[in-house]
Amino acid sequence: MSRRTESPDELVARARDGEARAIGRLISQVEDGSSLLREVMAALTPYAGRAHVVGLTGSPGVGKSTSTNALVAELRGRDLRVGVLAIDPSSPYSGGALLGDRIRMSEHATDPGVFIRSMAARGHLGGVSRATPQALRVLDAAGCDVILVETVGVGQSEVEIARLADTTIVLLAPGMGDGIQAAKAGILEIGDVYVINKADRDGADQVRRDLRSMLALAERPEGAWRPPVLKTVASAGEGAAEVVDAIDAHRAWAGESGELERRRVRRARDEIEAIALTALRERWGSVDEGNRLDGLAAAVVAGESDPYAAADGLLDD
Ligand SMILES: Nc1nc2c(ncn2[C@@H]2O[C@H](COP(=O)(O)OP(=O)(O)OP(=O)(O)O)[C@@H](O)[C@H]2O)c(=O)[nH]1
């Protein structure tokens, strides 16, 4: 069966009707850096800006997938449409055995009010930073009220997620040396809500005490948000309501204090920068520009030019 290629406007209209296939196709275009992206983004923009983006991060095994499921159930119970974007910063492929796939196998898989997608953050420059905000924009324009962005907690990705999110949830669990890990990985700065999952296990209260005393050391100006430290048993859905309430409270505070606007401006800045850098890279990858870059590099090696002068030359073109 031959199939006419849909225009970006048609795809966007179908995505706005909640058609999962259209949403999926738009996100694929984002991932592939499709040449239609410019038009797609222009078509999406009037509808974006409503969704609340919630980042969810934590070390492997703390229960991110289980918690995401519990949060999706709670949000659906509140009649909200939910998008889930699972980012794997290490995998060069999408569609592997990623977080999102495990969630996709859950009870929410067939719920039309839930859209789940995993995305590989490819190794190339601008991977996470370009594609993720664009995928968020697709889900936002498609009518998601809340978008959960989940990532495997490996180093830098936690901080990247925090830069993307309106509200960042950091998950910890007892028995994982998380207190120390928290201090090391710098996650004490990024959480808006901390959740000690696996509260049915010994040591949850200790992790909570440790974390609270570490957070208490941070200097916070008057009127600043004070991140709550909650406990959940995600596998039993316990505590999910309190987490969603905390997200709501943070959202309200962020809206009033201007923090939400600041974060969104920063996100847009990161996105513009990533698009511009990707475009520059592509230009320098073209045959003509590649030759010019090679020529400049040879001149630097030969001592005829210095790298700054060469870069100026490249940028001036
Ligand atoms: N006892 C207990 N086990 C839990 C709880 N939540 C999740 N688990 C279990 O912990 C294990 C890890 O949960 P996942 O949700 O797969 O954790 P994850 O953080 O997504 O794991 P990675 O993808 O490896 O990072 C699973 O066996 C869950 O069933 C909980 O509240 N209590």
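Refer to the structure printed above.
Given the structure is predicted, the values throughout are model-derived calculations rather than measurements. (Residues numbered from 1 in each chain as written. Predicted model: local features only at pLDDT ≥ 70, side-chain atom pairs only at ≥ 80, totals over all residues. Heavy atoms only, no water.)

In this section: the overall build of the chain. When helices and strands are counted, the chain shows 13 helices and seven strands. Across the chain, every contact between residues at least 6 apart in sequence was considered, and the portion connecting residues at least 24 apart equals 76%. Just so you have it, the chain exposes about 15700 Å², and 53% of that area is on carbon and sulfur atoms. (Helix = DSSP H or I, 4+ residues; strand = E, 2+ residues; numbered from the N terminus. Contact = heavy atoms within 4.5 Å. Areas by Shrake-Rupley, 256 points an atom, 1.4 Å probe, with all protein chains shown as cover.)

A separate point is the packing of aromatic side chains. Considering all chains together, one arrives at one aromatic pair under this definition. Ring geometry for Trp-225 versus Trp-253: centroids 5.9 Å apart, planes at 40 degrees, classification tilted. Of this pair, Trp-225 sits in the loop between α9 (204-217) and β7 (229-231) while Trp-253 sits in helix α10 (residues 240-257); the two residues are 28 residues apart in sequence, bridging distant segments of the chain. For Trp-225, a relative accessible area of 16% puts it in the buried group. Under the relative-accessibility criterion, Trp-253 is labelled partly exposed at 22%. Taking NZ or CZ as reference, Arg-16 lies 3.7 Å from the ring centre of Tyr-47, over its face. (Phe/Tyr/Trp six-rings, centres within 6.5 Å; stacked < 30°, edge-to-face > 60°. Buried < 20%, exposed > 50% of the residue type's maximum accessible area, 1.4 Å probe, protein only. Lys NZ or Arg CZ within 6 Å of the ring centre and 35° of its normal.)

Before going further, it helps to examine the pattern of salt bridges. Under the criterion given, the structure shown has 14 salt bridges. Notably, a salt bridge pairs Glu-31 with Arg-117, separated by 3.0 Å at the nearest N-O pair. Linking Glu-31 in helix α2 (residues 20-32) with Arg-117 in strand β3 (residues 114-120), this pair joins segments that are 86 residues apart in sequence. A relative accessible area of 7% means that Glu-31 is categorised as buried. Glu-271 is paired through a salt bridge with Arg-137; the nearest N and O atoms lie 3.0 Å apart. In this pair, Glu-271 is assigned in helix α11 (residues 259-285) and Arg-137 in helix α6 (residues 127-141), connecting sequence segments 134 residues apart. Note on Glu-271: relative accessible area 5%, which makes it buried. A cluster of three or more residues bridged by salt bridges with shared partners is formed by Glu-74, Arg-78, Asp-245 and Asp-248. (Salt bridge = Lys/Arg side-chain N within 4 Å of Asp/Glu carboxyl O.)

Now for the packing of helix α1 (residues 8-16) against α2. Two elements in contact, α1 and α2, have axes separated by 8 Å at closest approach and are oriented at 130 degrees. Classified by the angle between their axes, α1 and α2 sit oblique to one another. Pair α1 / α2 crosses with left-handed handedness. For the pair α1 and α2, contact is made by Leu-11, Val-12, Arg-14 and Ala-15 and by Ala-22, Ile-23, Arg-25, Leu-26 and Gln-29, respectively. Among the residues forming the contact of α1 with α2, the class breakdown is six nonpolar, one polar and two charged. (Axes fitted to C-alpha atoms, helices over the stretch in contact; angles between N-to-C directions. Parallel < 35°, antiparallel > 145°, perpendicular 65-115°, else oblique. Left-handed = near helix turned anticlockwise from the far one by under 90°. Nonpolar A, V, L, I, M, F, W, Y, C, P; charged D, E, K, R; others polar.)

Compared with an ideal rise of 1.5 Å per residue, which puts 13 residues at 18 Å, α2 spans 18 Å between its outermost C-alpha atoms and is within 8% of the ideal. Those residues of α2 lying buried are Ala-22, Ile-23, Gly-24, Leu-26, Ile-27, Gln-29, Val-30 and Glu-31. Positive backbone phi, approximately 65 degrees, marks Gly-33, located one or two places after α2. (Expected span 1.5 Å × (residues − 1).)

The end-to-end C-alpha distance of α11 is 39 Å, a good match for the 39 Å that 27 residues give at a rise of 1.5 Å each. Where α11 is concerned, the buried positions are Glu-259, Leu-260, Arg-263, Arg-267, Glu-271, Ala-274 and Thr-278.

Along a regular strand, successive side chains alternate from one face of the sheet to the other. When you tally the buried positions in strand β4 (residues 146-151), you get six out of six residues, the bulk of the element. Across five bridges, the pairing between strand β1 (residues 52-57) and β4 is parallel. Each bridged residue has a counterpart across the sheet, and for His-52 the counterpart in β4 is Val-146. (Pairing = 2+ DSSP bridges.)

The subject of this paragraph is the nonpolar core. The biggest cluster of nonpolar side chains holds 32 residues, and the ones touching the most others in it are Ile-23, Ile-27 and Leu-139. Secondary-structure elements contributing two or more residues to this core are α1, α2, α3 (37-44), β2 (82-88), β3, α6, β4 and α7 (156-164). Per-element tally for this core: the top contributor is α6, with six residues. Not counting residues within four places of it along the chain, the set of residues in contact with Leu-139 comprises Ile-23, Ile-27, Leu-85, Phe-115, Cys-144 and Ile-147. Val-72, Val-114, Val-195 and Ala-240 belong to the second-largest nonpolar core, a separate cluster that totals 24 residues. (Core = buried A, V, L, I, M, F, W, Y, C linked by side-chain atoms within 4.5 Å.)

Judged by which residues are buried, strand β6 (residues 193-196) turns out to be covered on both faces: Val-193 and Val-195 on one side and Tyr-194 and Ile-196 on the other are all buried. As judged from the four bridges shared by strand β5 (residues 167-172) and β6, these two strands associate in the parallel manner. Bridge pairing links Leu-172 to Ile-196 in β6. In the sheet, β6 pairs with β7 via three bridges, with the strands oriented parallel. The residue of β7 that forms the bridge with Ile-196 is Lys-231. Remark: the β6/α9/β7 crossover connection has right-handed handedness. (Right-handed = clockwise from strand over helix to strand, strands pointing away.)

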